[in-house]
Each structure stands twice: as C-alpha cells, then as structure tokens.
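Listed here are the chains, written in short residue letters.
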Amino acid sequence: MKSSTNRILTIAVILLLLTNITLVLFMVKGRNHHEGKGPGGKGDPFQMMVKELNMTEQQQKDYKQLKEDHFTAIKPLFDSVRAAKTAFFSLIKEKDVSDSTMNYYSSRISEKQAIVDKLIFDHF
C-alpha cells in the first residue's frame, strides 16, 4: 500500500514538473512573437490610425503635437492625483481616523480625478 502511494505521488510530481516546463517554454516562446504589437496583434496604434485615416505628413505632425501638448498639460494633474492618494493612504498609519477626515481626502481625490477625466474627454 505504501509503495503504491509513493508511486502515485512520484507520477504526479513528474507530471506537474513536465507541465510547468512546458508552460514556461510557451511563455518564453510567446514573448518573442508579440514584441512591438499592440492589443489584438495589429501593431502600433499610431501607425494603424495613420493607415486607416490616410493621414498626411502634416496631419501626423499635428497629431503628435496635440498629443505632446495634452500630456504636458495633464502631467501636473496626474501628479496632484498621486499626491492626494498618497496623503489619503498615509492615514493608514494613524490610530483613529474619523469618517469626516477620510471623506475629505476621498473627495479631494475624486475632484482631481474628475478634472483629469474631463480634460482627457475633451482631448478626444
């Protein structure tokens, strides 16, 4: 009885080991095939947009400039959201935190995130 249990466990361990090795090989092999491709394997989103919309060189330059301007304008807002979240989660260190304090910090995050969301919506 003991030898049959040992044999079953040995077979199970070997099967699991082979399965893990196979999975790792698929992961490593799959990583090389998807480099430089976006979601769905269609390539760079910008290049796909250029192709689909038949954008001219000037339109491409204008798009890149608009994108850079947008990120320049919105980066400080992302930083302020991050700072507000850091302040909010630093409350974890305190022993007793009132609901009003948590609500205050939470509303600050919500307000800043709403501004970011509106700017992104307007950008598109």
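So, how was this worked out
Residues numbered from 1 in each chain as written. Predicted model: local features only at pLDDT ≥ 70, side-chain atom pairs only at ≥ 80, totals over all residues. Heavy atoms only, no water. Helix = DSSP H or I, 4+ residues; strand = E, 2+ residues; numbered from the N terminus. Expected span 1.5 Å × (residues − 1). Bend = angle between axes of the 7 residues up to and from the residue. Buried < 20%, exposed > 50% of the residue type's maximum accessible area, 1.4 Å probe, protein only. Contact = heavy atoms within 4.5 Å. Phe/Tyr/Trp six-rings, centres within 6.5 Å; stacked < 30°, edge-to-face > 60°. Axes fitted to C-alpha atoms, helices over the stretch in contact; angles between N-to-C directions. Parallel < 35°, antiparallel > 145°, perpendicular 65-115°, else oblique. Left-handed = near helix turned anticlockwise from the far one by under 90°. Nonpolar A, V, L, I, M, F, W, Y, C, P; charged D, E, K, R; others polar.

Asker: For helix α3 (residues 57-89), give the residues involved together with the corresponding values.
Answerer: Taking 1.5 Å per residue as the helical rise, α3 with its 33 residues ought to reach 48 Å, and the 46 Å between its terminal C-alpha atoms agrees with that figure. Where α3 bends most, at Ile-74, the angle is about 35°, and the proline Pro-76 comes one to four residues later. For α3, the set of buried residues is Gln-60, His-70, Ile-74, Val-81, Ala-84 and Phe-88. Here the buried face of α3 lies against α2 (45-53) and α4 (99-123).

Asker: How would you explain the packing of aromatic side chains if you had to name every residue and give the values?
Answerer: Under the criterion given, the structure shown has three aromatic pairs. Taken together, a centroid distance of 5.0 Å and an interplanar angle of 75° make the contact between Phe-88 and Phe-89 edge-to-face.

Asker: Describe the packing of α2 against α3, with residues and values.
Answerer: Geometrically, a packed helix pair is captured by the angle between its two axes and the distance between the axes. Orientation of α2 relative to α3, taken along the N-to-C sense of each, is 140°, at an axis distance of 11 Å. With respect to each other, α2 and α3 are oriented oblique. As for the relative orientation of α2 and α3, their crossing is right-handed in sense. Contact residues: α2 offers Phe-46, Met-49 and Val-50, while α3 offers Gln-60, Tyr-63 and Lys-64. Its residues assigned to classes, the contact of α2 with α3 comprises four nonpolar, one polar and one charged.

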